[in-house]
Amino acid sequence: MNDTPGTDSPTTSGAGSTGTAAAAPASHANMLNLKLKVWRQAGPDVHGHFEDYTTTVADDASFLEMLDYVNEDLIRKGDEPISFDHDCREGICGTCGVMIDGQAHGPQKGTATCQLHMRKFNDGDEITIEPWRAAGFPIIKDLVVNRAAFDRIVEAGGYITVNTGAAPDANEIPVPKEASDSAMDAAACIGCGACVAACPNSAANLFTSAKINHLNLLPQGQAERYTRTEAMVETMEEYFGSCTNYGECQEACPKEISIDFIAMMNRDYAKSKLMNLRRLGQKKIG
Amino acid sequence: MTITLDAHIPKGPIADKWTNHKFDLKLVNPSNRRKFDVIVVGSGLAGAAAAATLGELGYNVKVFTYHDSPRRAHSIAAQGGINAAKNYRNDGDSVHRLFYDTVKGGDYRSREANVHRLAEVSVNIIDQATAQGVPFAREYGGLLDNRSFGGAQVARTFYARGQTGQQLLLGAYQALARQIHLGTVTLYNRMDMQDVVVHDGRAQGIVCRDLITGEVQAFSAHAVLLCTGGYGNVYFLSTNAKACNVTATWRAHKKGAAFANPCFTQIHPTCIPPADEFQSKLTLMSESLRNDGRIWVPKSLDETRAAADIPESERDYYLERKYPSFGNLVPRDVASRNAKTVVDEGRGVGPLKNGVYLDFADAIGRFGEDVIKARYGNLFDMYERITGEDPYKVPMRIYPATHYTMGGLWVDYNLQTTIPGLFALGEANFSDHGANRLGASALMQGLADGYFVAPSTVAGYLAGLLGTDPMSVDEPAFVESLSESQGRIDKLMAVKGTETVDHYHRELGKVIWDYCGMSRNKAGLEKALAEIPPLREEFWANVRIPGDPNGWNQSLEKALRVSDFMEMAELKVRDALHREESCGGHFREEHQTEEGEAKRDDENFAYVGAWEYAGPDIQRDAVLHKEDLVFENVALTQRSYK
Amino acid sequence: MTQAMERREGADAPDVNGPHRSSSNLLIDFWRSAVGKKWVMALSGVGLMGFVFAHMFGNLKMFMGRTAFDAYAEGLRSLLYPIMPHGWVLWAMRIGLIAMFAAHIVSAAQLTAMNRRARPIRYQSPRDYIAANFAARTMRWTGIIVALYLLYHLADLTWGWVNPDFVHGAAYDNLVASLSVPYVAAIYLVGNIALGIHLFHGAWSMFQSMGINSPRYNGARKAFAAGFVVVTIGMNCVFVVAILTGFVGS
């Protein structure tokens, strides 16, 4: 079991409980003195706790660069750096993501953690950083979680069955521009998990509906539309909570994907039970 | 092992080579395919496409990625588009023109036969991606839209908003997911490749470090495909994702795979300049911005006024001045080099004087802010998020940054390295872009290799192994490789020095950027060769890696990667020093025309420089092998954009 | 050919709710999914909202005096009489209502349990909600308050257990006797406000759960919910105040 601070004395965090300021980089920018409360957890099955750090960073640094400074300082002192997931740092790979002051990806709308910059904060702010919390996203270490459940949802049906080489000429499938644009809105999902993190129920309906509707909206995706919807919804429900239409996911989504897609998925899921029954009937007849 | 470079280019006219070759390749009977194990390392466009396709064909595929999900590979960050010779616009495009443009754009340092094949299969890629549901931009009639990209004279670029790479990768990832679901592909996520196992003269498998448990494990197969991307992060600051690394290809190189043209790196002209010395990476702004933005710097060296206060007469629109016909749309290498020249002169802009202006005032005046917003709104928003400046009001500041590496493992026409059974696909190989890559060609090459080339050529290799089992991982070759990899980890952990991995990476990056970046000269390259080995020694003597190697340890992950960059960097500089010519992304100051343009030496350097690893003193030991490039279908000319 | 996925802790998805137990019966299969249960909640919600509205509408008779109101109460028993025997339709409606309540409450309970499983460890720092308003976040509490209030309401005016002056059949007098007592009126007001808050989210949310959406009309869904609450619950509160202040009474 992971633990909560209530059962873990803050004094046990030891010598490193308060880091000192990282060396202030020479810069033209304004410098911010910050207090950080960062969730530290050595592994999946051990107690975690918040640890306090102070740091001074330039306001043109990104949020992750701020964590980089803190980490360099920790390493030089011989402490373990804060683990956090990140990669492209331009808001497209979906690897990064933490709760910042109680908001997934922090206070800026439509922005992944890596694209959040420190100028959104003020000198003297205390910033609380916590990992995504969901049973479907177990913590690996500190701020790093395991999001493999998203892959399982896609594997259940988030594709169009077409073997390499079997495709007709691309322009043989006209797609109404509106459908294509709408599919692209859904396909913009970066799979970061902020929707699950922000949802009070840890529901993954925004992610799943975006993946489903990207394909369900296109003519190419019609053949498997209802088997896809049924399989992906039911796989989603193996790992996550249920949608009660809070709308938090839409606010947290760095790509601002609309909860309209959730409604569309709900409609298609109900239809899928009928359509798939018909399909099974056809199978028997055929 | 001595290396002989045989490119295995098929005979016959260039347009028939690939068709003929596919007929000549041996096939594997569908019922025999499941008897073959294939390892694919990397899950970007090349890796995911190859793994999915091989899985569809019926092979047993194992795909490895250090990410949590295959969808995170850095192919996802490509913005602009993907070229294909569809000629949907009826503007004179053809397979031959795409082939010609790519060879010319690569400054005649790529292999004709490979490039022609790339142009041929480009059309199949668009078909495949569309059928998979990639939401390419469309016209109101429902058919696909195209745009002209990177100065191409035909509109052959397909795109999905500014997220083409993401959408194509998701297409490949979804195809891969289907195969994982069907059980033909096994996914190993959060697994970092450490070594290639070579035995009996062929690749037998790989060794990986499980990033979660820290355990080093061996996997064997009949063939290994490296789809592990480029080495742009040798510069520390680049547009590459933070985890991009050279480890897989460098380890293969040390096991006998020749490394070709490591000095060929592409510097992308439109990136946001670093704001301070703790900058962790550079962000690319799509090249399409140059269609409407005008690039300029102040004429005066000690200009202090804000951009808007500098009168027209005191601005230098240097690209328009020097290249009246192409203007701001000159190819990437030319645009980048000219930006460096003006910044080096001291005419750079911004607080650190490290950029040039990309000014939209004229375009906004001509079309109105709404039109510009429709075209570039998301890019402008991104710029504002990063810099805090509003590009509708003040000009953007841009500066070149490392973006793509044309060099990579040497491969023959079959994409096989000099180690039989070891293939390299996508950016990891050197094959198609010569000394400079054209815009919207990287996605094309990754997918061409993965979907269409490797599945045929790998089968041709596997057919010869029918009846042999993959080697047991208990065999000495595997045990040795495992202990070697574990030894490297133990050695790094044992250093217990005082400096961080990032510190050394940054130091290395500075050396390479200063001396082997946008322009290079003999003295600088020699200085770099003198500086790298001591830096490497210091790294191995003084790096500090806290924590436990037997578990999640991001410092250790980075240290393993940086230790390979430390070696690879030396080969890169060595290669740059030996290539006494300027071509594409490789600009040697000694070799330029009177107007300051790159001067090729086709007489002496029309070859692929493939290096063989022959000992730890890389600058002394590395052995150069040359594959002469023969141009039968394209006449060599000097590129001119005047 | 098929290889087992190698399960590695930390790299593979965890077990949380277990796989969907499919059934060959269409409705059972649908019910076993969370999306299906949300449909059930939405459909039963629609029915219950219809009841709430009709109940409010019928109660308007109180402004027409004792005779009209008592006739209305008696009329409910003789709905569709003589086609149906006396009282049968009312009982059928009651059974329908009970079924809808049961479906609504069982779905809610099961979904709540699922949501608890989905986040066994809460956030350890305060959340900063943007979209999730008070109504949405308190659905299960307002739901419980409404259920308790409903039981009280039945005990008060249908069974008469908590109403000392209760006379079977004298609907108007019972109502006035009850709501003239300030604490009883307060209970009614609290119950109705809870119901109003519940419906403010529920009457919008049901559209979403049933996939009734269109970017053009999405604004209208929330306006409908707000309008429904203002009209129905507003009027219910007016009833209470009207009796408490003696505007309606003997």
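Residues numbered from 1 in each chain as written. Chains lettered and ligands numbered in written order. Predicted model: local features only at pLDDT ≥ 70, side-chain atom pairs only at ≥ 80, totals over all residues. Heavy atoms only, no water.

1. Some remarks on the sheet that holds strand 8 (residues 216-220) of chain B
Residues and elements named next belong to chain B. With antiparallel pairing, the three strands of this open sheet are ordered in space as 6-7-8. Taken across any chain shown, the strands that pair with only one partner, and hence form the sheet edges, are strand 6 (191-199) and strand 8. Here the strands of the sheet are splayed against their neighbours by 25 degrees on average, with no regard to which way each runs. For strand 7 (residues 202-210) and strand 8, the ladder comprises five bridges, and the chain directions are antiparallel. The partner of Arg-209 across the bridge, within strand 8, is Val-216. (Pairing = 2+ DSSP bridges. Helix = DSSP H or I, 4+ residues; strand = E, 2+ residues; numbered from the N terminus. Axes fitted to C-alpha atoms, helices over the stretch in contact; angles between N-to-C directions.)

2. What about the side chain of A:Glu230?
When you line up the elements, A:Glu230 lands in helix 6 (residues 225-239). Judged by its relative accessible area of 17%, A:Glu230 is buried. Side-chain polar atoms of A:Glu230 contact the side chain of A:Lys273, separated by 2.7 Å. What A:Glu230 contacts, discounting residues up to four positions off in sequence, is A:Tyr269, A:Ser272, A:Lys273, A:Asn276 and C:Asp29. (Buried < 20%, exposed > 50% of the residue type's maximum accessible area, 1.4 Å probe, protein only. Polar contact = N/O pair within 3.5 Å; in protein donor to acceptor, adjacent residues only side chain to side chain. Contact = heavy atoms within 4.5 Å.)

3. Examining the interface of chain B and chain A
Counting residues at the interface gives 80 residues for chain B, matched by 86 residues for chain A. Together, the buried faces of chain B and chain A total about 6800 Å²; carbon and sulfur atoms form 50% of this surface. The tally of links between chain B and chain A comes to seven salt bridges. Here A:Arg76 and B:Glu499 are joined by a salt bridge, their closest N and O atoms 3.1 Å apart. On inspection of chain B and its partner chain A, the count reaches 52 residue pairs in polar contact (both at pLDDT 80 or more). Every element with two or more residues in the side of chain B that touches chain A is listed here: helix 3 (45-57), helix 5 (112-132), helix 6 (164-182), helix 11 (369-387), helix 12 (442-463), helix 14 (501-516) and helix 16 (554-578) of chain B. A per-class count over the side of chain B that touches chain A returns 30 nonpolar, 29 polar and 21 charged. (Buried area = accessible area lost by both parts, 1.4 Å probe. Salt bridge = Lys/Arg side-chain N within 4 Å of Asp/Glu carboxyl O. Nonpolar A, V, L, I, M, F, W, Y, C, P; charged D, E, K, R; others polar.)

4. Here we look at the interface of chain C and chain A
Often, the extent of an interface is quoted as the loss of accessible area on bringing the components together. Every contact between the two is made by 54 residues of chain C and, on the other side, 60 residues of chain A. For the pair chain C and chain A, the two sides together bury roughly 4700 Å², of which 54% comes from carbon and sulfur. For the pair chain C and chain A, the number of links is two salt bridges. Between A:Lys273 and C:Asp29 there is a salt bridge, with its nearest N and O atoms 2.5 Å apart. Counting every contact that joins chain C to chain A gives 42 residue pairs in polar contact (both at pLDDT 80 or more). Elements with a minimum of two residues in the side of chain C that touches chain A: helix 1 (26-31), helix 2 (34-59), helix 4 (88-118), helix 5 (134-137), helix 8 (182-209) and helix 9 (218-244) of chain C.

5. Notes on the layout of surface pockets
A water-sized probe, rolled over the atoms, reveals where empty space remains. Space inside the second largest pocket adds up to approximately 1300 Å³. Along the wall of the second largest pocket there are 47 residues; nearest its centre are B:Arg161, B:Gly162, B:Gln163, B:Asn378 and B:Leu379. Secondary structure elements with two or more residues in the lining of the second largest pocket: helix 3 (177-187) of chain A together with helix 11 of chain B. The element contributing the most residues to the lining of the second largest pocket is helix 11 of chain B, with eight residues. Partitioned by chemical class, the residues of the lining of the second largest pocket number 19 nonpolar, 14 polar and 14 charged. (1 Å grid on protein atoms, 1.4 Å probe; cavity = no way out; pocket = protein on both sides within 12 Å on 5 of 7 lines; lining within 4 Å. Points joined across faces, edges and corners; volume = space filled by probe spheres on them.)

6. Side note on unusual backbone geometry
A cis amide bond, omega 15 degrees, links C:Tyr81 with the succeeding residue C:Pro82. Examined against the element boundaries, C:Pro82 turns out to sit in the loop between helix 3 (66-77) and helix 4. Not every positive phi belongs to a glycine, and A:Asp142 is a case in point at roughly 45 degrees. Here A:Asp142 lies in the loop between strand 7 (139-141) and strand 8 (144-145).

7. Section: the nonpolar core
Among the nonpolar cores identified, the biggest contains 260 residues, and A:Phe63, A:Met118, A:Phe240, B:Ile82, B:Leu225 and B:Leu462 are the most heavily contacted of them. Each residue touching A:Phe63, except ones within four places of it in the same chain, is listed here: A:Val98, A:Ile100, A:Thr113, A:Leu116, A:His117, A:Met118, A:Phe121, A:Ile127 and A:Ile129. Within the second largest apolar cluster, 33 residues are counted, among which are B:Val334, B:Val342, B:Val356 and B:Tyr641. (Core = buried A, V, L, I, M, F, W, Y, C linked by side-chain atoms within 4.5 Å.)

8. Structural notes on the pairing of strand 9 (residues 223-226) of chain B
Residues and elements named next belong to chain B. The alternating pattern of strand 9 places Ala-223 and Leu-225 and Val-224 and Leu-226 on opposite faces, both of which are buried. As defined by bridge partners, strand 1 (residues 37-41) adjoins strand 9 across four bridges and the pair is classed as parallel. Note on strand 9: the bridge partner recorded for Val-41 is Leu-226. Strand direction decides the pairing type here: strand 9 and strand 17 (residues 422-424), joined by three bridges, are parallel. Directly across from Leu-225, in strand 17, lies its bridge partner Phe-423.

9. Things to note about the sheet that holds strand 17 of chain B
All names here are of chain B. Ordered by their spatial adjacency, five strands build an open sheet running 5-2-1-9-17, and the pairing between neighbours is parallel. Looking at strand neighbours, the two that pair on one side only are strand 5 (185-188) and strand 17, the edges of this open sheet. In this sheet, adjacent strand axes meet at a mean angle of 20 degrees when their direction is disregarded. Across four bridges, the pairing between strand 2 (residues 60-64) and strand 5 is parallel. From the neighbouring strand, Phe-64 faces strand 5, where its bridge partner is Tyr-188. Along the sheet, helix 3 makes contact with strand 1, strand 2, strand 5 and strand 9, crossing strand 2 at roughly 160 degrees.

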